[in-house]
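A look at the structure
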Amino acid sequence: MDASNGAAGDMLLAALLDAGASLDVVRAGLATLDLPISVEVSPVRRHGFRASHVRVGAPATDVHRGLSDVLAVLSRLSGPPREFAVAVFTRLGEAEARVHGSTVDEVHFHEVGALDAIADVAGCALALHDLGLLDDAVRVVSPVAVGSGTVRTAHGPLPVPGPAVAELLTVAGAPIAAHTATMELCTPTGAALLTTLVTAWGPPPAMTPSSVGVGAGTADPPGHANVLRVLVGTAASTSDGAADWIEAELFQVEATVDDLDPRVWPDLLEELRSIGAADAWCVPALMRKGRPGQVLTVLADAPRVDLVCRVVFTWTTTLGVRVHPVSRRALRRDTLTVPVAGGEVRVKRAFLGDEVVTAQPEYDDALSAARTTGIPVTTVLDAARAAATDADRPAPEAAPRH
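Conventions used here
Residues numbered from 1 in each chain as written. Predicted model: local features only at pLDDT ≥ 70, side-chain atom pairs only at ≥ 80, totals over all residues. Heavy atoms only, no water. Helix = DSSP H or I, 4+ residues; strand = E, 2+ residues; numbered from the N terminus. Expected span 1.5 Å × (residues − 1). Buried < 20%, exposed > 50% of the residue type's maximum accessible area, 1.4 Å probe, protein only. Arc of directions from axis to C-beta. Contact = heavy atoms within 4.5 Å. Salt bridge = Lys/Arg side-chain N within 4 Å of Asp/Glu carboxyl O. Pairing = 2+ DSSP bridges. Axes fitted to C-alpha atoms, helices over the stretch in contact; angles between N-to-C directions. 1 Å grid on protein atoms, 1.4 Å probe; cavity = no way out; pocket = protein on both sides within 12 Å on 5 of 7 lines; lining within 4 Å. Points joined across faces, edges and corners; volume = space filled by probe spheres on them. Nonpolar A, V, L, I, M, F, W, Y, C, P; charged D, E, K, R; others polar. Core = buried A, V, L, I, M, F, W, Y, C linked by side-chain atoms within 4.5 Å. Parallel < 35°, antiparallel > 145°, perpendicular 65-115°, else oblique. Left-handed = near helix turned anticlockwise from the far one by under 90°.

1. Quick look at helix H11 (residues 377-390)
Quick reminder: α-helices carry 3.6 residues per turn. Residues three or four places apart thus point the same way. The end-to-end C-alpha distance of H11, which contains 14 residues, comes to 20 Å, matching closely the 20 Å that a straight helix rising 1.5 Å per residue would cover. Residues of H11 that are buried: Val 377, Val 380, Leu 381, Ala 384 and Ala 388. For H11, the angular spread of the buried residues around the axis is 100°, confining them to a single face. Lining the buried residues of H11 we find strand S16 (322-340), strand S17 (343-352), strand S18 (355-361) and helix H10 (363-373).

Here is the structure:
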């Protein structure tokens, strides 16, 4: 993603739609929020270049929503879009609490909590998922332009970048790009979205682009094109076989706990995954004086390490965590639905090069088919696995993307 001219929620949503995300999918997902919002997309020109512009229709409101209020609305989404949207606003709430010297529970969103901001975040989550960018994709973001000068907010005039933007980018280790514009180029919503979705900062990786999306901001200043660009594609093949898997630099966060109610562990692991951790697990350990304990391990990318640490400190009794950089190689994967026993079963497949090396059916789907037909669930699992293995490999655009 090219944020060298800044980022805002509507700009990212417009870019994703321009890159091929379905407007119908976004509208259908937003309808589940049960809010008076609409999304319209129109072609525009910015500094002489073509772009798409998103207009979110929503009634004016002076309602100040707390984080719990916003998360309650976003919980009406489902699957990865819900998890991503929740992570964005949670990250934003953490940043607002730090800059105001308060707690997350005391934070009340003003501009960011308005209906259009909720629509931008939820819309981006739905569009990213529709493009296949919320699974195991590599999402690289350029240095972010923030602008200069001042911006008018509910708290009065603030210097650019605003406190929340500066906090979000600093915590995420985001590089800031120099820019001559004396205006706000990166909004808090834009910063929260970028720092939540990013897996690496820098120039575009080696890839074969399949689409380019250009999203425009509302203003059209004379000095620069007020746009954000998204390039979607597949990892470029290399002669040494490195493209057979996805390489990522992650961090391993560990804590050893011996006095936590064991009923908390399953919900804690689910919470860690919901905020974007790549994985989370715990294993038994024998502690001091023979006490039983657990070693909690979490894998997360750099922008999410602080958020993971906060969850661990909040949910457990540990007084410290260990953080180590690790390299991960992950197989490319897809999910397809195969007909089995008169029903349908989703199967996740993993590829080493062009070869399917593992196919794991969704157990709940297989169990439902087994109960309907009376066929043993093991037979349904085997049939679904065989059908998925024999199916064609997906088209290149369905492979994990950047």
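Structure's up, so let's keep going.
2. Looking at the pattern of salt bridges
Applying the stated rule across the entire model yields 13 salt bridges. Across the pair Arg 27 and Glu 40 runs a salt bridge, and its minimum N-O distance is 3.2 Å. Here Arg 27, found in helix H2 (residues 23-31), pairs with Glu 40, found in strand S1 (residues 38-46); they are 13 residues apart in sequence, far enough to count as distant. Between Arg 98 and Glu 167 there is a salt bridge, and its shortest N-O distance comes to 2.4 Å. Here the residue Arg 98 occupies a position in helix H4 (residues 79-100), and Glu 167 occupies one in helix H6 (residues 163-171), the gap between them amounting to 69 residues. Assessed through its relative accessible area of 29%, Arg 98 is described here as partly exposed. Each of Glu 94, Arg 98, Glu 167 and Arg 310 takes part in one network of salt bridges that share partners.

3. Structural notes on the environment of His 100
Topologically, His 100 is positioned in helix H4. For the pair formed by His 100 and Ala 164, sequence separation is 64 residues and the distance between their alpha carbons is 9.2 Å.

4. Side note on the environment of Ala 386
Along the chain, Ala 386 falls in helix H11. Sequence separation between Ala 386 and Ala 359 is 27 residues; the distance between their C-alpha atoms is 8.2 Å.

5. Description of unusual backbone geometry
Trans peptide bonds make up most of the peptide bonds, and negative phi angles are found at most residues other than glycine. Backbone torsion omega between Val 160 and Pro 161 reads 0°, so that peptide bond is classified as cis. With respect to the element layout, Pro 161 can be found in the loop between strand S8 (156-159) and H6. The phi dihedral of His 47 falls on the positive side, at around 55°, and the residue is not glycine. For His 47, the position within the fold is in the loop between S1 and strand S2 (49-57). Residue classification places His 47 among the partly exposed residues on the basis of a relative accessible area of 37%. At Lys 289, a position not held by glycine, the phi torsion is positive, near 60°. Among the structural elements, Lys 289 can be located in the loop between strand S14 (279-286) and strand S15 (292-300).

6. A word on the sheet that holds S14
Across the sheet, six strands lie side by side as S14-S15-S13-S16-S17-S18; this open sheet has antiparallel pairing. Strands with a single pairing partner mark the edges of an open sheet, and in this sheet they are S14 and S18. For this sheet, the mean inter-axis angle between neighbouring strands, taken without regard to orientation, is 40°. As paired strands, S16 and S17 are joined by nine bridges and run antiparallel to one another. Looking at S17, one finds that Asp 334 is bridged to Arg 349. In this fold H10 packs onto S16, S17 and S18, with an angle of close to 145° to the strand it touches most, S17. On top of the sheet, H11 reaches S16, S17 and S18; it is set at about 150° to S18, its chief contact.

7. Focus: empty space enclosed by the protein
In the structure shown here, the tally under the stated rule is two cavities of 30 Å³ or more. Counted as a void, the largest cavity has a volume near 70 Å³. As for the largest cavity, its lining consists of Arg 91, Glu 94, Arg 98, Leu 168, Val 171, Pro 303, Asp 306, Leu 307 and Arg 310. Looking at the lining of the largest cavity, the elements with two or more residues in it are H4, H6 and helix H9 (305-315). The class makeup of the residues in the lining of the largest cavity is four nonpolar, no polar and five charged.

8. A word on the nonpolar core
Among the nonpolar cores identified, the biggest contains 63 residues, and Leu 12 and Leu 74 are the most heavily contacted of them. In terms of residue count, the dominant contributor to this core is helix H5 (residues 115-130) (ten residues). Setting aside residues no more than four positions away along its own chain, Leu 74 makes contact with Leu 33, Arg 82, Ala 85, Val 86, Phe 89, Ile 118 and Ala 122. If you look at the next biggest cluster of nonpolar residues, it comprises 20 residues, including Ala 255, Leu 268, Leu 296 and Val 305.

9. Remarks on H6
Where H6 is concerned, the buried positions are Ala 164, Val 165, Leu 168 and Leu 169. Down the axis of H6, the smallest arc covering the buried residues is 125°, so these residues share one side. As for H6, its buried residues are in contact with H4, strand S9 (176-177) and helix H7 (188-197). Positive backbone phi, approximately 65°, marks Gly 173, located one or two places after H6.

10. Description of the packing of helix H1 (residues 9-18) against H5
Taken N-terminus to C-terminus, the directions of H1 and H5 make an angle of 25°; their axes are 9 Å apart at the nearest point. Taken as axis vectors, H1 and H5 run roughly parallel relative to one another. Seen along the crossing, H1 lies across H5 with a hand that is left-handed. Taking contact as the criterion, the partners of Gly 9, Asp 10, Leu 12, Leu 13 and Leu 16 in H1 are, on H5, Asp 120, Gly 123, Cys 124, Ala 127 and Leu 128. Split into classes, the residues belonging to the contact of H1 with H5 amount to six nonpolar, two polar and two charged.

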